[in-house]
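Notes for the structure review
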Amino acid sequence: MANLSEHPENDPQYKGLFVNEGVSSPPIVNPYLQKRKQKQRFSPSEYTEQILKGNITVLSQAVTLVESQIAEHQVLAQEVIEKCLPYSGNSVRIGITGVPGAGKSTSIDAFGMHLLRDRGKKLAVLAIDPSSERSKGSILGDKTRMEEISREPDVFIRPSPSAGSLGGVARKTRETIILCEAAGFDTVFVETVGVGQSETAVHSMVDFFLLIQLAGTGDELQGIKRGIMEMADGIVVNKADGNNIEKAKLAASQYRNALHLFPLPPSGWSPQVMTYSGYYKNGIPEIWDMIYEYIAFTRENGFFNSRRNSQSKYWMYESINEQLKNHFYQSPEIEKELSVKEKQVLNSELSSFMAAKQMLDLYFRK
């Protein structure tokens, strides 16, 4: 007899009625769903060991620690960098800059394939990427334009968001270079977002600074170009293909004439100007011959090591400045007093300079 408490309709007195017990309710959680694995966290020695073996997954995790704002992650990241430092410095670091639309990402794709196939290199691309204004994260647009090298096993591409302090992002990019070199990448590209302050930051962490230009852009960027052209170790005019070849040659000639007006750089190297097509991959080997000629030239006259030493000193002071600034603004007492001083300045009760002095006096008295 059926359980009457559950289904009284099944009692013999109700002839012709019968109720099935039905199907039991399925579990709320899918029984086939595997429990999500926690990301494995390594010790500094284990991170270093895996990075030295060329483990890309662990390298990516280490770079994430470097970019993290969490204090615990920062401490761990610095220990990993310290352990990787003796194994770094063996790459050629190349900065790539140019106006938006000059074809930086397409060119890196073409340069990278040449290095991989013809020269047997391992390539890391660190792009200081335009950031999303909402999330402050990278748009990752560069990765979509580096179609060929992004599929290669010997290539590591890592965009860094440029939101917030550019100095902070640039410092993290420099630390990422150390990790990439320890992982065995012998060529490192650092790409900038375009024209602006990022050029100076990138110039201070690379061995060769390459400026990509376009033909027929006019003189509207002349004020910006002068400063960047003085930093450039080589200038290349892109999109020298089809009907644009003659324009590109003419632009290259104009850039050569402009370079003659600048004093000789401290390296003793006269920057060269070349034309090429990143899309059709014409003229790429010649550009690399120029870059390696520069590296050999500066190694021979001692400028290569001198430049790296100057860069290390520069980033020591930059790190001090960055940490002092962060410590100042993260102080609860300072944060509270800042809003008061800000109102006094806006109400013309206090000058900007006096307000700043009082804030600094308060900070150093703590």
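Keep in mind the model is a prediction, meaning the values are calculated, not measured. (Residues numbered from 1 in each chain as written. Predicted model: local features only at pLDDT ≥ 70, side-chain atom pairs only at ≥ 80, totals over all residues. Heavy atoms only, no water.)

Looking now at the overall build of the protein. The number of helices and strands found in the protein is 13 helices and seven strands. By the burial criterion, 43% of the 366 residues in the protein qualify as buried. Residue pairs at least 24 apart in sequence account for 73% of intrachain contacts in the protein once pairs closer than 6 positions are excluded. Carbon and sulfur atoms make up 53% of the accessible area of the protein, which amounts to about 21000 Å² in all. (Helix = DSSP H or I, 4+ residues; strand = E, 2+ residues; numbered from the N terminus. Buried < 20%, exposed > 50% of the residue type's maximum accessible area, 1.4 Å probe, protein only. Contact = heavy atoms within 4.5 Å. Areas by Shrake-Rupley, 256 points an atom, 1.4 Å probe, with all protein chains shown as cover.)

Further remarks concern the environment of Ala-251. On the secondary structure map, Ala-251 appears in helix H9 (residues 245-259). Given a relative accessible area of 7%, Ala-251 falls into the buried group. Sequence spacing of Ala-251 and Val-273 is 22 residues, and the spatial spacing of their C-alpha atoms is 9.6 Å. Leaving out residues up to four positions away in the same chain, Ala-251 has contacts with Ala-215 and Val-237.

When the charged atoms of two side chains lie near each other, side chains of opposite charge can form a pair. All told, the structure shown has eleven salt bridges when counted by the stated rule. One salt bridge in this structure joins Arg-117 and Glu-148, with 3.8 Å as the shortest N-O distance. Residue Arg-117 is found in helix H4 (residues 104-118), and its partner Glu-148 is found in the loop between helix H5 (141-145) and strand E3 (155-161); the two are separated by 31 residues along the sequence. We note a salt bridge from Arg-307 to Asp-233, for which the minimum N-O separation is 3.3 Å. On the criterion of sequence distance, the pair formed by Arg-307 in helix H11 (residues 303-329) and Asp-233 in the loop between helix H8 (222-231) and strand E6 (234-237) is long-range, its members being 74 residues apart. Since its relative accessible area comes to 6%, Asp-233 is described here as buried. Salt bridges linked by common partners bring Arg-117, Glu-148 and Lys-281 together as one network. (Salt bridge = Lys/Arg side-chain N within 4 Å of Asp/Glu carboxyl O.)

Before going further, it helps to examine the nonpolar core. In terms of nonpolar packing, the biggest core is built from 51 residues, with Tyr-47, Ile-51, Leu-59, Leu-179 and Ile-235 touching the most fellow members. Beyond its immediate stretch of four places on either side in the chain, Tyr-47 contacts Arg-41, Phe-42, Val-58, Gln-61, Ala-62, Leu-65, Leu-76 and Val-80. Of all hydrophobic cores here, the second largest spans 35 residues; its members include Val-99, Ile-108, Leu-115 and Ile-287. (Core = buried A, V, L, I, M, F, W, Y, C linked by side-chain atoms within 4.5 Å.)

What follows deals with helix H10 (residues 284-301). Since the α-helix packs 3.6 residues into each turn, any two residues three or four apart lie on the same face. The terminal C-alpha atoms of H10 lie 26 Å apart, and with 18 residues this matches the ideal 26 Å at 1.5 Å per residue to within 8%. For H10, the set of buried residues is Ile-284, Ile-287, Trp-288, Met-290, Ile-291, Tyr-294, Ile-295 and Thr-298. All buried residues of H10 fall inside an arc of 155° around its axis, so they share one side. Of the residues trailing H10, Gly-302 is marked for its positive phi of about 85°. (Expected span 1.5 Å × (residues − 1). Arc of directions from axis to C-beta.)

Attention shifts here to the packing of helix H12 (residues 332-346) against helix H13 (residues 352-365). Two elements in contact, H12 and H13, have axes whose closest approach is 10 Å; the angle formed by their N-to-C orientations is 165°. The orientation of H12 relative to H13 falls into the category roughly antiparallel. H13 is crossed by H12, and the crossing has right-handed handedness. Residues Glu-333, Ile-334, Glu-337, Leu-338, Lys-341 and Val-345 of H12 touch H13, and the partners they reach there are Ser-352, Ala-355, Gln-358, Met-359, Leu-362 and Tyr-363. (Axes fitted to C-alpha atoms, helices over the stretch in contact; angles between N-to-C directions. Parallel < 35°, antiparallel > 145°, perpendicular 65-115°, else oblique. Left-handed = near helix turned anticlockwise from the far one by under 90°.)

This paragraph deals with the packing of helix H1 (residues 44-52) against helix H3 (residues 71-84). For any two helices packed against each other, one specifies the crossing angle of their axes together with the interaxial distance. Across the interface, H1 lies against H3 with an axial gap of 9 Å and an inter-helix angle of 50°. Of the possible angle classes, the one that applies to H1 and H3 is oblique. Crossing hand, H1 versus H3: right-handed. Residues Pro-44, Ser-45, Tyr-47, Thr-48 and Ile-51 of H1 form the contact with H3, whose participating residues are Leu-76, Glu-79, Val-80, Lys-83 and Cys-84.

On to unusual backbone geometry. Located in the positive-phi region is Lys-239, a residue other than glycine, with phi close to 65°. Relative to the helices and strands, Lys-239 resides in the loop between E6 and H9. Given the relative accessible area of 36%, Lys-239 is considered partly exposed. At Ser-348, a residue that is not glycine, the phi angle is positive and equals roughly 60°. By the element assignment, Ser-348 lies in the loop between H12 and H13.

With respect to the helices, strands and loops of the structure, Arg-158 is situated in strand E3. Look at Arg-158 and you get buried, because its relative accessible area is 15%. At 3.5 Å, the side chain of Arg-158 forms a polar contact with the backbone oxygen of Ser-60. Filtering out sequence-adjacent residues up to four positions away, Arg-158 remains in contact with Ser-60, Val-63, Thr-64, Glu-67, Val-125, Leu-126 and Ala-127. (Polar contact = N/O pair within 3.5 Å; in protein donor to acceptor, adjacent residues only side chain to side chain.)

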